[in-house]
Amino acid sequence: MSLQADVDQLLSAAVDRGEVPGVIAMATDGRDILYQGAFGKREIGGEASMTVDTVCWIHSMTKAITATCLMQLVEQGRIGLDDDTGKILPAHAEPKVLEGFDGEGKPQLRPARGAITLRRLLTHTAGFVYDTWNANLLRYMTETRVSRSESFERPDKCLPLGFDPGTRWEYGINLEWAGKVLEAITGDTLDAYMQKNVLQPLGMLSTGYLLRPEIMDRLSGVHQRHGDGRLEAVTFNPPQRQKDFLGGGGLYGSAPDYIRFIRMLMGGGTLDGVQILKPETVALMEQNHIGEIDVRVLNSARPEQSNVVDLFPGQRLKWGLSFMINTEDVPGRRKAGTLSWAGLRNTYFWIDPQTGVGGTIMAQLLPFADPIVLGLYDGFERAVFASRAS
């Protein structure tokens, strides 16, 4: 069968079995669209079909776009990768590390050894962690009643680090803070800067932080998978106004838009004659920036939000400037050096520089690292690579 027929069958069968409410997938060779398809409904029990241009919440797929914005500032000489961000943001000037809790349950903090830098923020080695995968931070937030949003609004409420900067990798609120660095440097909101300098120039007209009225009628619903496998549509009221734009998540967008972003990176920073980054900048972003440090398995502290995250068991994984990097070929799938990451509601993307293909697959359900969606991601990628080999 053809690639179109193979992937259509894979995705439609999952919908027919009730395993996912709806799913979208697209693949590109950087120039042309190799595959596109959408199946199922935007919401269980609803009438609206999932279409290729359905708008989804892409969550942490925001991070690569935020990093692109920061790398524009690096190109302009407005910040260096190893600059101390404590000289830009008061909240980073004297970071504290959470070492644990005393006998009365009070948090034990100490001054961090090492500076928070832009490189460390972009590679998740600055020390910031997520409460979704870090039980200590979850306990800290519960004990102190400090929310994640408060920590960005008030420097004195800055959440503590989980470890000393530069000593290990752990997924965290680093790109959220990178966005705050950008705002401090430019005087713009991250939303305004991103729209002007990346999204609008690339023609990503269905992507943003605020849902415009003309986008609302294409918005997907969101779902929760329960322990017994049952899927349930859940209420999610998207913000119509925001005072905070966080670089680690928060964007909505469509698969065709994200494919344009992927194509720009595959094109060395340029798409359709519009240059977003220099080729040498894109090449720099694709390199391992954590040295001998390895990407860690993420053990869930909030099982309703995420499963354990171990996307390539047994393989040493590295991190570039906002991307996970495979260090080995995956038989039938990607080659070593492939860049990828994902979003909380099970949206995923990859860019394989060796083979010259990239793609995205989007569902809208929790918890993250859903085994069924990961299986579809695997099958989709394998079909794309098989079609290239034939």
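Before reading further, recall that the structure is shown in the block above.
So, how was this worked out
Residues numbered from 1 in each chain as written. Predicted model: local features only at pLDDT ≥ 70, side-chain atom pairs only at ≥ 80, totals over all residues. Heavy atoms only, no water. Helix = DSSP H or I, 4+ residues; strand = E, 2+ residues; numbered from the N terminus. Buried < 20%, exposed > 50% of the residue type's maximum accessible area, 1.4 Å probe, protein only. Contact = heavy atoms within 4.5 Å. Lys, Arg positive; Asp, Glu negative; His and termini not counted. Charge placed at Lys NZ, Arg CZ, Asp CG, Glu CD. Expected span 1.5 Å × (residues − 1). Pairing = 2+ DSSP bridges. Salt bridge = Lys/Arg side-chain N within 4 Å of Asp/Glu carboxyl O. Phe/Tyr/Trp six-rings, centres within 6.5 Å; stacked < 30°, edge-to-face > 60°. Lys NZ or Arg CZ within 6 Å of the ring centre and 35° of its normal. Axes fitted to C-alpha atoms, helices over the stretch in contact; angles between N-to-C directions. Parallel < 35°, antiparallel > 145°, perpendicular 65-115°, else oblique. Nonpolar A, V, L, I, M, F, W, Y, C, P; charged D, E, K, R; others polar.

Enquirer: Got a minute to help me understand the overall build of the protein in this structure?
Expert: If you tally the helices and strands in the protein, you get eleven helices and 16 strands. With the C-alpha coordinates aligned to their principal axes, the bounding extent of the protein is approximately 60 × 50 × 45 Å. Looking at the protein residue by residue over its 390 residues, the buried ones come to 55%. Residue pairs at least 24 apart in sequence account for 68% of intrachain contacts in the protein once pairs closer than 6 positions are excluded. Charge-centre separation for the protein: the mean point of 40 positive side chains lies 3 Å from the mean point of 47 negative side chains.

Enquirer: It is not clear to me how helix 9 (residues 255-266) should be interpreted in this structure. Could you clarify?
Expert: Taking 1.5 Å as the rise per residue, helix 9 with twelve residues should run 16 Å; its terminal C-alpha atoms sit 16 Å apart, in good agreement. Within the span of helix 9, buried status applies to Ala255, Asp257, Tyr258, Ile259, Phe261, Ile262, Arg263, Met264 and Leu265.

Enquirer: Looking at this structure, I do not really get the pairing of strand 2 (residues 33-40). What am I missing?
Expert: Within a regular strand, side chains alternate between the sheet's two faces. Where strand 1 (residues 22-28) lies against strand 2, seven bridges are found, and the strand directions are antiparallel. Its bridge partner being in strand 2, Val23 is matched across the sheet by Phe39. What sits between strand 1 and strand 2 in their antiparallel hairpin is a turn of four residues, with Gly30 showing a positive phi close to 95°.

Enquirer: Hey, could you run me through the pattern of salt bridges in this one?
Expert: Side chains bearing opposite charge may pair, as long as their charged atoms lie close to each other. With the rule as written, the count across this model stands at 26 salt bridges. Across the pair Arg302 and Asp131 runs a salt bridge whose closest N-O atoms are separated by 2.7 Å. You can see Arg302 sitting in the loop between helix 10 (279-285) and strand 11 (317-319) and its partner Asp131 sitting in the loop between helix 3 (118-123) and helix 4 (135-144), a full 171 residues away along the chain. You can call Asp131 buried: its relative accessible area is 4%.

Enquirer: What's the story with the packing of aromatic side chains in this structure? I'm lost.
Expert: Under the definition given, this model contains 21 aromatic pairs. On the numbers, 5.7 Å between centres and 70° between planes, the contact of Tyr130 with Trp133 is edge-to-face. In terms of burial, Tyr130 and Trp133 fall into one category: buried. For the cation-ring pair, Arg139 lies above Phe101, with the distance from its terminal atom to the ring centre recorded as 4.0 Å. The residue whose ring lies beneath Arg333 is Tyr377, and the NZ or CZ to ring-centre distance is 5.3 Å.

Enquirer: Where do I start with the environment of Ala93 in this structure?
Expert: With respect to the helices, strands and loops of the structure, Ala93 is situated in the loop between helix 2 (62-75) and strand 4 (96-101). A sequence separation of 65 residues divides Ala93 from Cys158, and the C-alpha atoms of the two residues are 11 Å apart.

Enquirer: It is not clear to me how the packing of helix 1 (residues 3-16) against helix 11 (residues 371-389) should be interpreted in this structure. Could you clarify?
Expert: The relative placement of two packed helices is expressed as an angle between their axes plus a distance between the axes. As a packed pair, helix 1 and helix 11 sit with axes 9 Å apart at the nearest point and diverge in direction by 170°. Taken together, the axes of helix 1 and helix 11 are roughly antiparallel relative to one another. Here Leu3, Val7, Leu10, Leu11 and Ala14 of helix 1 lie close against helix 11, whose contacting residues are Leu376, Gly379, Phe380, Ala383, Val384 and Ser387. Looking at the contact of helix 1 with helix 11 residue by residue, the classes come out as nine nonpolar, two polar and no charged.

Enquirer: Sorry, what's going on with the packing of helix 2 against helix 7 (residues 190-202) here?
Expert: Two numbers describe how helix 2 lies on helix 7: the axes approach to 10 Å, and their chain directions differ by 80°. One way to sum up the angle between helix 2 and helix 7 is to call them roughly perpendicular. Judged by residue contacts, Ile65, Thr66, Thr68, Cys69, Gln72 and Leu73 of helix 2 engage Leu190, Tyr193, Met194, Asn197, Val198 and Leu199 from helix 7. In terms of residue class, the contact of helix 2 with helix 7 is built from eight nonpolar, four polar and no charged.

Enquirer: Looking at this structure, I do not really get helix 2. What am I missing?
Expert: Over its 14 residues, helix 2 extends 20 Å from the first C-alpha to the last, a length consistent with the 20 Å expected when each residue adds 1.5 Å. Of all 14 residues in helix 2, twelve are buried, a share of seventy percent or more. Among the residues of helix 2, Thr62, Lys63, Ala64, Ile65, Thr66, Ala67, Thr68, Cys69, Leu70, Met71, Gln72 and Leu73 are the ones counted as buried. Against the buried residues of helix 2 lie helix 3, helix 6 (174-186), helix 7, helix 9, helix 10 and strand 14 (347-352).

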